[in-house]
Amino acid sequence: MMEIKEVCSLPGHEEVAWGVAWNPSGTLLASAGSDKVVRIWAQEGDKWVCKSVLADAHARTVRAVCWSPCGNYLASASFDATTSIWSRKGGEFECIATLEGHENEVKSVSWSSSGSLLATCSRDKSVWIWEVNDTEEYECASVLSAHVQDVKQVRWHPTKELLASCSYDDTIKMFKEDNDDWCCFTTLKSHTSTVWSIAFDKTGSRLASCSDDKTVKIWQEYLPGNPEGIATKDNEPVWKCVCTLGGYHNRAIYAIDWNHRTGDIVTADGDNYIRIFRENECSDKNAPTFDLVASVRQAHTQDVNSVSWNPVADLLASCSDDGSVKIWRIVTTQ
Amino acid sequence: MFNSFPGGEMTQQICNKIFHEIQNQTLSQKDRYTTYSIFLNLLTYHLADLQPLGDTFVCGYVQLMDGEKDPRNLMAAFRCSRLICQYFSLGTMVEDMFEVNACYFPVDFVPPPNDPHGITRDDLRLALQHVMSATPLFAQYCYPLLLEKMSSDVQSAKVDALKTLFSKELQGLSSQLKAIKCLEKCLKQEMASLLQYEVRSHVSEEIVHFSLEAITAITKELSKDSLQLAAYLTENKADIDIFLNIKEKIIDFCHKLLENQNTELQVLGIRGLGALSLWSDILSVQEVTAAMEKLTVEAVQTESDAASVSLLVASVVDKIQAEHASKIFLNILQASDTDMLLIPVTAALSTILASSHLTTQHLTVDIVPDMLSWLRSKCKEWPDQKQHIHEKVLTNLADGLRLAILSQDKSVQQHLSADVYGLVTSSMPMLTELGGGPCGDVIAKDESWTQQLLLWLPGMALYSVDVYTRLQACKCEAAVVNMMLAGPILDGLLISLQNKISSCLDKGSLSHLRSASLTLLTWLTKAVVVRGHKSAFDLTEVLLSALQDKYLALQAAESFNIILAPFDDVLCTAVQANVIPTYQQRFVVQTLPKLVVGFHDALPDNKEYYLMAVAGMLMNIPHQVMTTELPEVMPLLVSSLKGGKCELHKQALAAISLGIQHMPELLTAYLSDILNDCLRLAVSGGNMKLRILALKCLQQVSSLPNVALQPYKSEVLKGVKPALDDRKRLVRREAMAVSAVIIWKKVIRFLAVKQATSENLNNAVLNDC
Amino acid sequence: MAQPENANPLVFQRSKERQILPEEEDDNVVDKIDDREVFDLIRSINDPEHPLSLEELNVVEESKVKVDDDRNEVDISFTPTIPHCSMATLIGLAIRVKLLRTLPARFKVQVEITPGSHVSEKAINKQLADKERVAAALENPHLLNVINQCLGGRPQ
């Protein structure tokens, strides 16, 4: 039996709280909101408290936050069309760079596993890839205009320099570098409405996506020459939808995260729910089945916008339209 | 896409191509929808290019739409039809155009289960109704069709026809002469008989209901357009008979409804007659009067519901002669065995008495004596403890009498007042209300009357078993005291009254006697305060001391409000009472400081009564007085929001609201306290009236142009949120108003800041292109 | 401002003010939020192009407001006056914003175009349902200004 127990509810954001992200060591939680600030939370004794408020960098809603793999940098994406890079020195945060270029709202930001690349996406339909050099300077490496609509989220592969993005155009696209240039090598189509969020599993050979169509889909990578005999083209891997979780969610699913330690998937939706799914032990890799193992009804009093697994502990963070950020503990009992 | 379309000749070419080369009926549903969309676009954007096509276009469209079956397409087609009817002269195509649309009437459509398109039968019915009413030219076909459907056996068809017949659009049609003619025919030939048929056979309440609605609507429409109607009738003398015939049929029909056993139908009949009586330009005075008589007799006999009668009565009072009307109503009063009609009829009588349409002769010889004699006999049947209905009847008549008497000159006033007082004194204790305001001055100057009244009024005020009678006696006593000539007699009377009251107020007395004497004290104080008599000081002291008494404190606190509040039936200039202009100011300046001192000295449990007294006074003082006194009492009011009881909170909130209104600048010092306390009371106040008052106060504070409010906006917005979800709708409404004010201010501020930084974002966020 | 697209809209009558029933004065009775209450919130919204309310243009109707207080659901369909009305998104947004500001936050609000009444029905419905876009729109001063005008001048 798995249970999701509320550890604490952290008030602080004056308005909608849009995004949460744990640092790689799992000690700090960053949250972003319509009040234009980023808040940094940490444990003090047995209480979670707000350690810093990162203000004055953004003129509008901060939509998303992401920590660099080394944990020393935090990126924040805002509706003001910019992305800010914050450097953490001791307990202090300093805004060291502002990435400008998108025409309008930046919706998501993601750091590659090496920390040398950053991706952002926007309602302007483009995905931008930025290179980070040794002197903390950020340079645009590529502008990818593969989507035909608003791009909702970008996420890097856990180990490779491979980027996935999802969009209002109902598709997911994947990008990689080819001869010094970035290009889209595959498009994942199956959702029937906006794909809000995506997450790779630990190995990076699977991707989970969630959508306004109220389903979660699991996609499996098949390399050229795969034993299953799935056809590939141009010597590129293909991604196939191997599982659709329908009937669990009653409203749009806004966020999904794949736990790299336990393999559990967590979702957050517009019906105020948080749900955890686990792959059935005896399920076939090519047609896996997932079970709903735990859920919290009314996790927040309004839509849950973002959800994130702590990378080291059995903790979960979520945030909501009601402005609250919550930390949850996963308790497994016999 | 169509915005870049050049229009002009191209428009006509497109139409001609479609008309000639496309057989719409052979296309798929989707493609037909496209056809209609094209026409809808052209009709909207390029109407001027299409209009020259005239009949050709109409003819082409009629052929194109003919036989359409799909509800989605029909919705679009009906929209096109409506535009065509409105903007094209249909010429020879009137009937075809009507037919191709009206063949769908009544709409026969049941949406399939799980219909993804969501079009309902009612959507189609309305869209079609818009077409049928789009041009007056359709009237000649429309009414016969509706009439035909009304005699249909299918219930829904009947209801649809009736609904359409009295739809707003179709009423508009009837302003056209042709439509009127049509209406007449329809009434003459079908309506009346149909309705009679329906009533007799009890087929359907719904049908009868709609029929009556239709009649009422048509009647109103006809009376509105009486000029046109008159013109029409002059031109077509032959039709006059027909017309009168209809009129009588409707009257007959309403009468039949009245005679029906079913109360609902009776009510409908009454409404119908009410509507008829509005038709004053068409019905003669005699006819209205006759209808009235018929109605009231029926109403008396059938004990019809009072609300409908009063509705009717109110609607005819202006229409028939006052003398005649007053007679009818008196007749009803005399004939009626039940109490049901007493209130509406006395209200009507009161209206007539107050209307000053009555001659002095009529008033003095007929109405007043008849009314008084009816009252005299009636009050013998009433119980000692009056019920609401008796109080209401007396109030109605007293109001009318007072106004009627005041409208006469002095000698007549004296005469009538004597009549009234004669009745009051002989038929007491029932009728004190009559003696309250009307003619205090007349009586007070007549020593014998004064003596007589003063003998028994205080006794009644203190000892009557009926609360209402006690109150009226107090008012009456106050009126007399107010009007008596100053001098030793008055002074002596006041001293003896004060002694009497003081002894009754004594703790040893029975509790209801103490309460009664406090009421008398309140009114006496008001009487002398209002005329500026020196005894006001002493009497007020007695009131103030009553605030310390646990049993009397609440009532004493309320009395300060009574003393200052204006009443329109007693102790006011309207009834020619003895009133000095500055009495409120004087009383406040004298009393308010004493209340403040009293508040500080009072025991904790008693403090709230002082606050209530203060709040009650503030409700009634002029702006000038307010501004000098308010700074003094504001701290008390604000502090009273903290603890205390619900009633106190209410009083304090009302007074604070008032205070803010008069002296917004005073608010700043208390802003934080007021906001916090109001928010607390708005969300958790145990009484809905209290929550509403707290929210109203918040609204008021929030709408002030006060910079000090700035830092609190978010807090208030957050704090008021739970009230948006209050269990009571009336509370939610106020909470929304608070939110609206604050959000409005926030947005304005945001926009001002943005403008100042001249930010310019051209692309709309929601749209992609 | 340019000529409105629909220069001569049909004007409908406003419904009467809601009657206050005795039970609404009784503090012990719970008044559920119902269709009429929500309709009352949106009917006075001004049309962006005409000096008329959405109710007077029949863009909103009480019968097309569905409220389920227990399930926290509000579903509204609105009908643009013409099928290619470019203001449809704006009207939908105004309705959404009005409810965002006045309804308890627990409600899930759906605002859609009456089926069959607009050529871009699907696209507009999708935009109106995208909370992220709606939120961003409200940070755009131009749009906010227009919406504010739709929602009426200074509240009373």
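The rules behind the values
Residues numbered from 1 in each chain as written. Chains lettered and ligands numbered in written order. Predicted model: local features only at pLDDT ≥ 70, side-chain atom pairs only at ≥ 80, totals over all residues. Helix = DSSP H or I, 4+ residues; strand = E, 2+ residues; numbered from the N terminus. Buried ≥ 20, exposed ≤ 12 C-beta atoms within 10 Å, placed from the backbone. Contact = placed C-beta atoms within 7 Å. Pairing = 2+ DSSP bridges. Axes fitted to C-alpha atoms, helices over the stretch in contact; angles between N-to-C directions. Expected span 1.5 Å × (residues − 1). Parallel < 35°, antiparallel > 145°, perpendicular 65-115°, else oblique. Left-handed = near helix turned anticlockwise from the far one by under 90°. UniProt positions renumbered as here; feature names shortened; annotations may be inferred. Core = buried A, V, L, I, M, F, W, Y, C linked by C-beta atoms within 7 Å.

A. Broad picture of the overall build of chain C. In terms of regular secondary structure, chain C is built from five helices and three strands. Counting helices and strands in the order they occur from the N terminus, chain C gives α-β-β-α-β-α-α-α. Looking at chain C as a whole, 45% of its 156 residues qualify as buried. Taking the contacts inside chain C whose residues are at least 6 apart along the sequence as the reference set, 65% of them involve residues at least 24 apart.

B. Up close: the overall build of chain A. Of regular secondary structure, chain A possesses zero helices and 28 strands. Here the contacts in chain A between residues at least 6 apart in sequence split such that 50% fall between residues at least 24 apart.

C. Just the sheet that holds strand β3 (residues 28-33) of chain A, in detail. Residue and element names in this part refer to chain A. An order of β2-β3-β4-β5 is seen for the four strands of this open sheet, with the pairing classed as antiparallel. Only two strands of the sheet have a single neighbouring strand rather than two, namely β2 (17-22) and β5 (47-54). Neighbour-to-neighbour, the strand axes of the sheet open up by a mean angle of 25°, direction not taken into account. Pairing analysis gives seven bridges linking strand β4 (residues 38-44) to β5, with the strands arranged antiparallel. Residue Ile 40 lies in a different strand from β5, and its bridge partner there is Ser 52.

D. Structural detail: helix α32 (residues 607-618) of chain B. Residues and elements named next belong to chain B. The end-to-end C-alpha separation of α32 is 17 Å, in line with the 16 Å expected for 12 residues at 1.5 Å each. Burial runs high along α32: 12 of the 12 residues are buried. Along α32, the residues classified as buried are Lys 607, Glu 608, Tyr 609, Tyr 610, Leu 611, Met 612, Ala 613, Val 614, Ala 615, Gly 616, Met 617 and Leu 618. Where α32 is buried, its residues touch α30 (553-564), α31 (583-601), α33 (623-640) and α34 (646-662).

E. Inspection of the packing of helix α4 (residues 55-65) of chain B against helix α6 (residues 94-102) of chain B at higher detail. All names here are of chain B. Interaxial distance between α4 and α6 falls to 10 Å at its minimum, and their mutual angle equals 25°. Considering their axes alone, α4 and α6 lie roughly parallel with respect to each other. The two elements α4 and α6 cross, and the hand of that crossing is left-handed. Contact residues: Val 58, Val 62 and Met 65 in α4; Asp 96, Met 97 and Val 100 in α6.

F. Fine view of the UniProt feature "repeat: WD" (unreviewed entry) in chain A. Residues and elements named next belong to chain A. Taking the numbering used here, the UniProt-annotated feature "repeat: WD" (unreviewed entry) corresponds to residues 10-41, 55-87, 99-140, 144-176, 188-220 and 297-334. Secondary structure within residues 10-41 divides into 0% helix and 53% strand; the distance between the first and last C-alpha atoms comes to 9 Å. Between the C-alpha atoms that bound residues 297-334 there is a distance of 22 Å. The span itself is 0% helix and 53% strand.

G. How the structure looks around unusual backbone geometry. Backbone torsion omega between B:Phe105 and B:Pro106 reads -10°, so that peptide bond is classified as cis. Looking at where B:Pro106 falls in the secondary structure, it is placed in the loop between α6 and α7 (121-132). The phi angle at A:Lys125 is positive, at roughly 80°, despite the residue not being glycine. Within the secondary structure, A:Lys125 sits in the loop between β11 (117-122) and β12 (127-132). Residues other than glycine seldom take positive phi values, yet A:Gln298 does so here, at roughly 55°. In this structure A:Gln298 comes out as exposed when scored by C-beta crowding, with 12 C-beta atoms within 10 Å.

H. Main features of the sheet that holds strand β2 (residues 73-78) of chain C. Residues and elements named next belong to chain C. One open sheet holds the three strands; their spatial order is β1-β2-β3, and the pairing between them is mixed. The open sheet is flanked by β1 (65-68) and β3 (108-113), the only strands paired with a single partner. Taken pair by pair, the neighbouring strands of this sheet meet at an average axis angle of 10°, ignoring direction. Relative to β2, β1 is paired through four bridges, and the arrangement is antiparallel. Each bridged residue has a counterpart across the sheet, and for Lys 66 the counterpart in β2 is Asp 75. Its contacts with the sheet put helix α1 (residues 35-42) on β1 and β2, and the angle it makes with β1 is roughly 130°.

I. Structural view of the environment of B:Arg125. All names here are of chain B. Secondary-structure assignment places Arg 125 in helix α7. Judged by the 20 C-beta atoms lying within 10 Å of it, Arg 125 falls in the buried class. Considering only alpha carbons, one finds Arg 125 and Thr 164, 39 residues apart in sequence, at a separation of 8.9 Å. Every residue in contact with Arg 125, bar those within four places of it in the chain, is listed here: Val 107 and Asp 160.

J. Highlighting the pairing of strand β10 (residues 106-111) of chain A. Residues and elements named next belong to chain A. Within β10, six of the six residues are buried, which leaves the element mostly enclosed by the surrounding structure. Across five bridges, the pairing between β10 and β11 is antiparallel. Across the sheet, residue Trp 111 finds its bridge partner in β11, namely Leu 118.

K. A look at the nonpolar core. Core analysis: the biggest nonpolar cluster contains 136 residues, and A:Ala75 and C:Ala94 have the highest contact counts within it. When residues of this core are assigned to their parent elements, the largest contribution, seven residues, is made by helix α2 (residues 88-102) of chain C. Not counting residues up to four positions away in its chain, the partners in contact with A:Ala75 are A:Val65, A:Cys66, A:Thr83, A:Ile85, A:Val109, A:Trp111 and A:Leu118. Judged by nonpolar contacts, the second largest core, of 102 residues, contains B:Leu471, B:Trp523, B:Ala536 and B:Tyr609.

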